[in-house]
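Chain by chain, the residues run as shown.
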Amino acid sequence: MAKNAVFIEQLSPAEDLLDPDPETLEVLTAIRRNACEAYVIFLSNGIQMEHFLSYGDSNRTLSPNSKYIILHDYRLFTPEQHYIWKRFINVVFIRLYNQKSYVSYQKAGLPFELSTVSFPSTEHSIFVSSRIDIWQSGKFRFNKELFVDRTANMKSEQLKVIVFTHTPAVTRIYEGMNFTYGGVEVKIMEALQDVMNFTAIFYELEHSDDVKWGQMNENGSYTGLLKEMDDAKSDFALADLHYTTFNLQVLDLSIPYNTECLTFLTPEATSDNSWKTLILPFSGTMWAGVLTSLFSVGFIFYGVSFIYRRLHGPLMMGISDISTENHEKKKKINSTVPPDMFDKLSDCIIYTYSMLLYVSLPKFPLTWSLRLLTGWYWIYCILIVVAYRASMTAILSNPFPRFTIDTIEELVYSKLGIGIWGDENRGFFLMSEDKDSQEIGQKAESYVDALEATKKVAEGKFALYENEYFLKEMRSKVKATESKLSLHVMSQCSVQIPVSIGLEKNSPIKSQVDKYIRRLIEAGLISKWLKDTVQNFDASEEEAPPEALVDLKKLYAGFVALAIGYSLGVLSLICEILFWKYFIARRPNFDKYELAKLYRIGT
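The written sequence of each chain sets the order in which its residues are numbered from 1. Predicted model: local features are reported for residues with pLDDT of at least 70 only, side-chain atom pairs are reported and counted for 80 or more only, and whole-chain, interface and lining totals are derived from all residues. For side-chain calculations, the full set of non-hydrogen atoms in the structure is used, while hydrogens and water are omitted.

Draft legend 1. Focus on the pattern of salt bridges. Salt bridge, as applied in this entry: a Lys or Arg side-chain nitrogen positioned within 4 Å of an Asp or Glu carboxyl oxygen. Evaluated as defined, the whole model comprises 14 salt bridges. Where salt bridges share partners, they join Asp 57, Arg 87 and Glu 504 into one cluster.

Draft legend 2. Inspection of a negative patch on the surface at higher detail. Patch membership is restricted to residues that have no salt bridge and whose relative accessible area is over 30%. Joining uses 9 Å for like charges and 5 Å for the nonpolar side chains Val, Leu, Ile, Met, Phe, Trp and Tyr. Reported accessibility uses the Shrake-Rupley method at a 1.4 Å probe radius. Residues are deemed covered only where the shown protein chains occlude them. Only four residue types enter the tally: Lys and Arg on the positive side, Asp and Glu on the negative side; His and the chain ends are excluded. Charge coordinates come from a single atom per side chain, which is NZ of Lys, CZ of Arg, CG of Asp or CD of Glu. Taken together, Glu 9, Asp 16, Asp 19, Asp 21, Glu 23 and Glu 26 make up a surface patch of like negative charges. Its place among the elements puts Glu 26 in helix 1 (residues 22-33). Each helix corresponds to a stretch of at least 4 residues labelled H or I by DSSP, and each strand to a stretch of at least 2 residues labelled E; elements are numbered beginning at the N terminus.

Draft legend 3. Region of the structure containing the pairing of strand 11 (residues 236-242). Summary of the burial criterion: residues with accessible area below 20% of their type's maximum are buried, those above 50% are exposed, and those between are partly exposed, where the area comes from a 1.4 Å probe applied to protein chains only. The buried fraction of strand 11 is high, at 7 of 7 residues. The pairing criterion for strands is at least two bridges between them, as found by DSSP. Bridge count for strand 7 (residues 157-163) against strand 11 is 3 bridges, and the pairing is parallel. What sits directly across from Ile 162, in strand 11, is Ala 237. Relative to strand 19 (residues 495-503), strand 11 runs antiparallel, the two sharing 4 bridges. Note that in strand 19 the partner of Leu 241 across the bridge is Ser 500.

Draft legend 4. Spotlight on the sheet that holds strand 2 (residues 67-71). Pairing is mixed in the open sheet, where 6 strands are placed in the order 1-2-3-4-5-6. Single-partner strands in this sheet number two, and they are strand 1 (38-41) and strand 6 (139-140). Pairing of strand 2 with strand 3 (residues 91-96), which is carried by 4 bridges, proceeds in the parallel orientation. Bridge pairing links Tyr 68 to Val 91 in strand 3.

Draft legend 5. A look at the state of the cysteines. Here, a disulfide means two cysteine sulfur atoms that sit within 2.5 Å of each other. In this structure the tally under the stated criterion is 1 disulfide. Each sulfur of the disulfide joining Cys 261 and Cys 493 lies 1.8 Å from the other. Its torsion about the S-S bond being -110°, the disulfide of Cys 261 and Cys 493 is classed as left-handed. With a gap of 232 residues between them, Cys 261 in strand 13 (residues 258-270) and Cys 493 in the loop between strand 18 (486-489) and strand 19 connect regions that are remote in the sequence.

Laid out in structure tokens, this is it:
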């Protein structure tokens, strides 16, 4: 809008301003869009003016912060219109003053009385106006300012404040059988009433825990707290209200004082994998590499020994095995190789296995090629064993790992039921372009009792959607003895949403409230109040870190390995006994008194 621009619209006397014509509506929209500071409305028909104000208020085409000059008409001040003058207080009514003495004022000029609404007003059942000045003969009689800010000092006015207990905005602080309200928004309200000089009257709807904030009915009406605000029965609403278009249709919202993380409360499980402790130090690929080397290195040693014998000739036989006639012939062969420890495949496998278990070799290999291979294989064994021991020590001293759900993808994969209150929150997921979020919205179900829903989470059947502070409070209420699983607040936020204090629609004090809330934020008081509120319950997710001790449960793998060894040993013993009894003892030449014949070479 250009500076000092003026919009002029002439209305038809027959136009119904509860449903304005398109041309009128276009002008009103342009005026609102350009934030006009003053309206001069001369409608002599009081009913038409009443309809115009009602339409402008309900559809927000008229701003309560603007200045209004209108003609005085008693039809504007009926009880049904009282709520209008609680919102549009920057108004000046013009009427002829003392019309009975019209003749006597012909020479001096007609006087006009300028009045306004009484705000704040101690009387709410009737309309009370307040005279500002009298205009006569081209001048004001008292020269008073027509438009003054009357919201800075509310003169101890009693303002109704509807509350809905929801952490961290509003909480109940019990003192015996009685309770008071606490929380971030209650602290903000206490600060506002001190600086703006009004008295807050807190009240709560009956069965508010069931209806919660309220929802829109099919006929366009509302329930719960939203109905109370839509009917202009309360001046403030403290209920952890999200700054959304849905809420803005019903009431005004202050500037956001905080941004909340909306996420899920999910079940958490600890992995009782103590029986796998022996294989946990290495990953699957690491174990594959170790086992591959374990089964292949024996053949590598045997291959090196075999190639060496082929290059340097046959093995040199022992002196006792060489006959006298062949002794001289064998001595003439200079390329013979003396027998070595890696000449047999069985010896290669046994010695390489023993090296991996830190068992020393009985002697060094005779050939240098095998000595070099043995040295490097020893280095490999040392590295593998040291790494395994260090990882095993860490596993035994640390607690078992926890399995948690921390992303939307993991939540969808878990197949848990989803608990979301209200169609507005459910619609957020349905309107998302993300397929996982859409799937959550499709299977979401509403809940009434948050505590019962949290218990379902503890049973591993449910995931609860709320702000992180509320979820931590619910988790603290479900004791460990009542739950089968631990509870975990998902680290990924589904949405970061601003939170505000609710005010009556077109509230004249919104600008003052915004100003002081901004100062509270800058002073850091809201952050302090938030910390004070959430520390009243156990908001800590992590338990005290366990001591680095090895308990019996962590050694289950050792007992499992011992049991497997005992079982295999007993099974081998039974097989040996059966083989001896049914195969060896039944041979025709078996003699239990000469068992050495069975083991004699060549027999």
